[in-house]
Amino acid sequence: MIFAANFKTNHTRASTKEYVDTLLTKKSLFQNERLYIFPPLSALQKCESDIKIGAQNAYMIQSGAFTGEVGLEQLDEFDINTLIIGHSERRELLGESQTMVAQKFQFFKEHNFEIIYCIGEPLEVRENGEDHVLEYLSTQLEGIDTNYDKIMIAYEPIWAIGTGKSATIAEITSIHNALRKLTQAPLLYGGSVNLENIREIIQIDNVNGVLVGSASLDAKKFLELISLSR
Ligand code: PEP
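Our subject in this report is the structure included herewith.

1. Some words on the overall build of the protein
- Per the secondary structure count, the protein includes nine helices and eight strands.
- Relative to the globule expectation of 17 Å for 230 residues, the C-alpha radius of gyration of the protein, 17 Å, shows essentially globular dimensions.
- The C-alpha extent of the protein, read off along each of the three principal axes, is 45 × 40 × 30 Å.
- Relative to its full complement of 230 residues, the protein shows a buried share of 52%.
- Within the protein, contacts between residues separated by at least 24 positions form 69% of all contacts whose residues are at least 6 apart in sequence.
- As displayed, the protein has an accessible area near 10,700 Å², and 48% of this comes from carbon and sulfur atoms.
- Computing the positive centroid from 21 side-chain charges and the negative centroid from 31, the protein places the two 6 Å apart.

2. Remarks on the layout of surface pockets
- Of the volumes computed, that of the largest pocket is approximately 300 Å³.
- Taken together, the residues of the lining of the largest pocket sort by class into five nonpolar, five polar and three charged.
- Within this model, the second largest pocket holds a volume of roughly 200 Å³.
- What lines the second largest pocket is a set of 18 residues, among which G162, S192, V193, G213 and S214 lie closest to the centre.
- Taken together, the residues of the lining of the second largest pocket sort by class into five nonpolar, eleven polar and two charged.

3. As for the pairing of strand β5 (residues 114–119)
- Among the six residues in β5, six count as buried, and that is most of the element.
- Direction of pairing for strand β4 (residues 82–85) relative to β5: parallel, over a ladder of four bridges. When the sheet's bridge partners are listed, T82 is paired in β5 with E114.
- Direction of pairing for β5 relative to strand β6 (residues 151–155): parallel, over a ladder of five bridges. Across the sheet, the residue bridging to I119 is Y155, located in β6.

4. Here's the deal with the sheet that holds β5
- The strand order across the open sheet formed by eight strands is β3-β2-β1-β8-β7-β6-β5-β4, and the pairing between neighbours is parallel. The sheet terminates laterally at β3 (52–53) and β4, the two strands that pair on one side only.
- The sheet contact formed by strand β2 (residues 34–38) and β3 spans two bridges and is parallel. Its bridge partner lying in β3, I37 is registered against I53.
- Against the sheet, helix α7 (residues 169–182) makes contact with β5, β6 and β7 (187–190), and its axis sits at roughly 150° relative to β7, the strand it touches most.

How each quantity is defined
- Residues numbered from 1 in each chain as written.
- Predicted model: local features only at pLDDT ≥ 70, side-chain atom pairs only at ≥ 80, totals over all residues.
- Heavy atoms only, no water.
- Helix = DSSP H or I, 4+ residues; strand = E, 2+ residues; numbered from the N terminus.
- Rg over C-alpha atoms; globule rule 2.2 N^0.38 Å.
- Buried < 20%, exposed > 50% of the residue type's maximum accessible area, 1.4 Å probe, protein only.
- Contact = heavy atoms within 4.5 Å.
- Areas by Shrake-Rupley, 256 points an atom, 1.4 Å probe, with all protein chains shown as cover.
- Lys, Arg positive; Asp, Glu negative; His and termini not counted.
- Charge placed at Lys NZ, Arg CZ, Asp CG, Glu CD.
- 1 Å grid on protein atoms, 1.4 Å probe; cavity = no way out; pocket = protein on both sides within 12 Å on 5 of 7 lines; lining within 4 Å.
- Points joined across faces, edges and corners; volume = space filled by probe spheres on them.
- Nonpolar A, V, L, I, M, F, W, Y, C, P; charged D, E, K, R; others polar.
- Pairing = 2+ DSSP bridges.
- Axes fitted to C-alpha atoms, helices over the stretch in contact; angles between N-to-C directions.

As far as function goes, none of this settles anything; it's purely spatial.
Listed below in structure tokens is the structure:
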């Protein structure tokens, strides 16, 4: 199973190091799992253990005049070759268009990155029924090679992110089954995954892992979440 921790704008360089050290005290818990953590860009660091550290964002450039962004050169310094692309907070709050998201995908695919590619619908689309959800998700897959061998697709309904209200098992099952018809890539679910619901979610067919925000911020709790999945 894949467990990915998205810190968003939480943790510092020092606390990220402590976090990784805490995880490494319980290595046996995740020796058969794939573990990723995505700290803020200022906390990126080389990690020579089995835990992969990735970036929450990067710009599709080697280096250049893109104020506030990091490019390939800055990621290379820390041997970072894993990236989240298309997170709803970047799409919605920072205005990343599908065109930009697809350009980022193409660039980092060409550089052989592992990519967690996020898709997910807003509440008003969900309220119109699943056909509308599927239609919406397909627009978020435009320009994306879903057969790229290093893509993982994370289904994260926007209304479930950070709200404490996860999608239901039926909703996740149905969307993941539909996605499975499109790709053999690992499929993650994200959106209020926590200690209470992880067992059920991880057992759903075609859920190959989870992308976790709030419930990943405390290393001990994240370890507990992993242990509950076994
Ligand atoms: C996320 O933003 O990717 C996420 C899944 O957040 P949370 O777990 O807090 O809902």
